[in-house]
Amino acid sequence: MANVTFPFPFPENLELLLPEIIIALMAMAILLIDLFIPKEKKQISAWLAVASCVVAAAVTMNVTGAGPLTTFYGFFVLDPFASFAKLLMLLATVFGIVLSLDYMQKEANMGEYYCLMLFALLGMMLMVSATNFVTMYLGLELMALSVYVLVGYQRNVLRSSEAALKYFILGSLSSGMLLYGISFLYGVTASFDFAQVGTAIAAGSSDIRTATLVGMIFLLAGMAFKVSIAPFHMWTPDAYEGAPTPVTAFMSVAPKVAGFVILMRVLVDVMPALQHEYTVMFTGMAVLTLAVGNIAAIAQRNIKRMLAYSTVGHVGFVLLGLIAATPDGYAGVLIYMTIYLFMTMGAFAVIILMRRDGIQGELLDDFAGMSRVRPGYALVMGLMMFSLAGIPFLGGFWAKFAVIAAVIDAGHLYLGLIAILFSAVGAFYYIRVVKYIYFDEERVAFNFSENRFIQTAVAVTSIAVVAIGLYPAPVMEMCKSALVGLI
Amino acid sequence: MELHNVLGFPILTLSIFLPLAGAMFIWLFVHDDRLVRWLSLTVSVVTFLVTLPLATRFDNGTSHMQFEEFHPWIETFNINYQLGIDGISMPFIILTSMLTVICVISAWECIQSRVKEYMIAFLILETTLIGVFSALDSMLFYFFWEAMLIPMYLIIGIWGGKNRVYATIKFFLYTLAGSVLMLIALLAMHFKTGGSFSILAMMDYPFDFTWQFWIWIAFFIAFAVKVPMWPVHTWLPDAHTEAPTAGSVILAGILLKMGAYGFLRFSLPIAPDASQYFVPFMVALSLVAIVYISLVAMMQQDMKRLIAYSSIAHMGFVTLGTFMFTQQAVEGAIINMISHGFVAAALFLCVGVMYDRLHTREIADYGGVVNVMPVFAAVMMVFSMANVALPGASSFVGEIMVLVGTFAADPSQLDISAKWIAVAATISVVLSACYTLWMYKRVIMGDITKDSVKTMQDLSLREFSYFVPLILLVLWMGFYPVPVLDVMHESVAHLIEQATTSKLDAAAALVGTSHDLALH
């Protein structure tokens, strides 16, 4: 923070903030424009939101420099690392909006829905560019508040409201923990800036050690909540099940990307001196997360709950990359999130398209015999399940490969072993979905939604998953070069 | 790096991806079932013809890899698209492409639902199988090895029998759980060897004994499940029984061989000292498979289950021969695998022929089939005799070589003489005669006691057509196995040299010079 005096000088390099500015302005504009759009043409708001994401993505790609650039008196950093995360989140948001088209047509179809998505996106974009705890917290809360509302968007559905309330209460608790941890670190180092806190911790004497550790534990616990690391995952199944399905798709990808990216920044900038301590903490949590995610999912009958636990399992894998704490590990996290984005969005797109007697099917039984009616969707769902299970020639295999390779290289052979054994356990519930789709007889008539845009999303995700599975080199290179700015 | 490829064009790539390309074409453009059948047949026959030059242009005089290809695939991890075959892998590629043709023909009439998906699954399966046998990069190997699970899972699950869902999930989870440990071992070796996934580099790297020990265990779990060896064999009878005929053919003909091939390609040359160390263990398991599983086979009521157990027993011979480290025994093991590929495949086809007519696999539901199906009875006679390893059949060559090779071997790790092992293994020859001929007697011979049997029609020309090449091959290899043996002499000699040369001295010399990845 260089010489912050009043009155503030106009921040230099403000163009770095251009993507965020576009998203913020468009979010507010959509809220207003929506009032003037007749009810049957509400899709225009959705396309405006998509357009703003596309423009923001184009701008993000153009403002990215070779190295880190800061603006807002050093409160905001733009480096390839943040840009890559932003592109991922913009892509996830576009998918989220497209997947919502059908749902919004049947529901109230209000522009505020897309406005909330954009605000959530804005929060995440700020978060990944944070250089200090204040920016991070602002972004995090903007994201969280928007997602709380999105989860409870079906006001007249009890399940949705209940999920939102649960998510909100637990989310507030975790924000409290996060702030509590930050306050400890501030108390010890008298700074919010990541780099300064990191230097102070490294140089700190032994009498501040306890306070530092308490701060670290609370901070990481608060962040673990946001990315569903066990034992802080409890909200995930309820929130996923209760939320409208497109929101579930959105929140199972974008906030996870943002959460892990900022987690990496915090670990690398703030806690290099505490590497041993947080590795111990994460190792236990990773094993627990893998166990919970892969075992509890077996018992689920509702596919959204199942995918919620599946997300927890995947988060366990991503944690391995953080434990490795090497460039390969961090690249592995990005590779995992990229591939995970396509797999999850593809699976949710099929779930959203599938209808039985006009009702969206959510139980595993509802998929019985799908391959006879719609072989194309069945194929995509099958591919996504095999990919999530980590079977080769599909992208999911390389995601697991990257993080496991990194964690073994870092010397944690046993963690790789535990993770891969749990992935074999988890394969059961994924191939069970394939069983319903391909082996079982049709029970009730299907009537699929025929939304062309969602169908396009299905096609794009499945092509991506297969293409990455066959030739993952470009994605791996991209993720590796995106580490500039982090390390 | 110099590539040995006498043909000058990427024939292995063509063999691997031709079936896949055919499958893609059928998936996208063909919608008529009749056309799908003819096209799949064309694709599989063309693939077979494409793989033939691998045999005709094969250089018997070298143990070096041939028809090599090398392209970077994932440079971040130094994973390469590295292909090449030697005398050990070449026969299996030909076997795969041949059995796929037979599978397509055998499914011509009995598969009536979802013909297109069925053919696509088989062609994709062929791609992965040829890929497994030609990969020289261990990640490429693993890639094909695991990808094989997807089409096989669907083949058993969609077109299988009553209990197919249980069988296919069991098959999938068993093999997946087995092979994930191999991935960990490959990754650990990758970092230990300084960043290479090449199988050839791993063969040359001197691992110390602790490393070899754990690598060997990880490989053993992966390959033993696939072979399958007692006690991890329980998925096989279920999978075999429930799979459609062609699924059983591929399963018995090729998939089981992947496990034994894994021992030959990975365990022996990469971890020679551990392989020596585990000889008593492997011998014990093989003998249990040979003797105990033969007894189990005798008690089966279901023909497919019986042949499945017989397969496990025959694979016991293969693992026994593999771990005897003599030229004769290892060659015998490989001959046994190829021969079993013909014989077990043909026996499953025989059961399939009967199943298509009466829709039952129970031995008790048949009897006196010879009266209505004389040609079929003769065909099945040939393969039953081959399964017993009667002289003149290919399996006789394999089994006698394993037995003689075992008899002559002198493994220092064993407390008892290898002669007793050979004697124990010989029991299986008697037992296999018991269960095979007893089944043949109950099913084919005697008077017709069931009315349903009277309605059975003899072999059609189509059915006869796929038995003919198998009969010829079984007899040819039984009478004149020299060409097949010539192909593998050099490669097996090289393998035995690798497997009997200790890496420990070189490993000891390396201590302190390499970057050590701690084993936690």
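Throughout what follows, the structure given in this document is the object of discussion. Computed from a prediction, not measured in an experiment: that's the story for all the values here.

Quick look at the overall build of chain A now. Scanning chain A from terminus to terminus reveals 19 helices and four strands. The globule rule puts the C-alpha radius of gyration for 487 residues at 23 Å, and the 22 Å found for chain A is close to it. Dimensions of chain A along its principal axes, counting C-alpha atoms only, are 70 × 60 × 40 Å. Put simply, 81% of the contacts in chain A that link residues at least 6 apart link residues at least 24 apart.

Scanning chain B from terminus to terminus reveals 23 helices and two strands. Here the C-alpha radius of gyration of chain B, 22 Å, is about what a compact globule of 520 residues would show, namely 24 Å. Principal axes of the C-alpha set define a box for chain B whose edges measure 80 × 60 × 40 Å. With 520 residues in all, chain B has 60% of them scored as buried. Counted over contacts in chain B with a minimum sequence separation of 6, partners at least 24 positions apart contribute 82%.

Time to look at the packing of helix α3 (residues 80-106) of chain A against helix α4 (residues 111-128) of chain A. Residue and element names in this part refer to chain A. Between α3 and α4, whose axes approach to 10 Å, the crossing angle comes to 165 degrees. Between α3 and α4, the angle falls in the class roughly antiparallel. Helix-helix and strand crossings are classified by hand; for α3 and α4 the assignment is right-handed. For the pair α3 and α4, the contacting residues are Ala82, Ala85, Lys86, Met89, Thr93, Gly96, Ile97, Ser100 and Met104 in the first and Tyr113, Tyr114, Met117, Leu121, Met124, Met125 and Val128 in the second. Across the contact of α3 with α4, the residue classes break down as 12 nonpolar, three polar and one charged.

What follows is about the interface of chain B and chain A. Taken together, the contact between chain B and chain A spans 31 residues of the former and 29 residues of the latter. Looking at the side of chain B that touches chain A, the elements with two or more residues in it are β1 (66-74), α5 (138-147), α6 (149-159) and α7 (164-192) of chain B. Sorting elements by how many residues they give to the side of chain B that touches chain A places α7(B) first, with 13 residues. Looking at the side of chain B that touches chain A residue by residue, the class counts come to 25 nonpolar, three polar and three charged.

When β1(B) meets strand β2 (residues 79-85) of chain B, the two strands line up antiparallel, connected through six bridges. Of the residues in β2(B), the one forming a bridge with Pro72(B) is Asn80(B).

Criteria and thresholds
Residues numbered from 1 in each chain as written. Chains lettered and ligands numbered in written order. Predicted model: local features only at pLDDT ≥ 70, side-chain atom pairs only at ≥ 80, totals over all residues. Helix = DSSP H or I, 4+ residues; strand = E, 2+ residues; numbered from the N terminus. Rg over C-alpha atoms; globule rule 2.2 N^0.38 Å. Contact = placed C-beta atoms within 7 Å. Buried ≥ 20, exposed ≤ 12 C-beta atoms within 10 Å, placed from the backbone. Axes fitted to C-alpha atoms, helices over the stretch in contact; angles between N-to-C directions. Parallel < 35°, antiparallel > 145°, perpendicular 65-115°, else oblique. Left-handed = near helix turned anticlockwise from the far one by under 90°. Nonpolar A, V, L, I, M, F, W, Y, C, P; charged D, E, K, R; others polar. Pairing = 2+ DSSP bridges.

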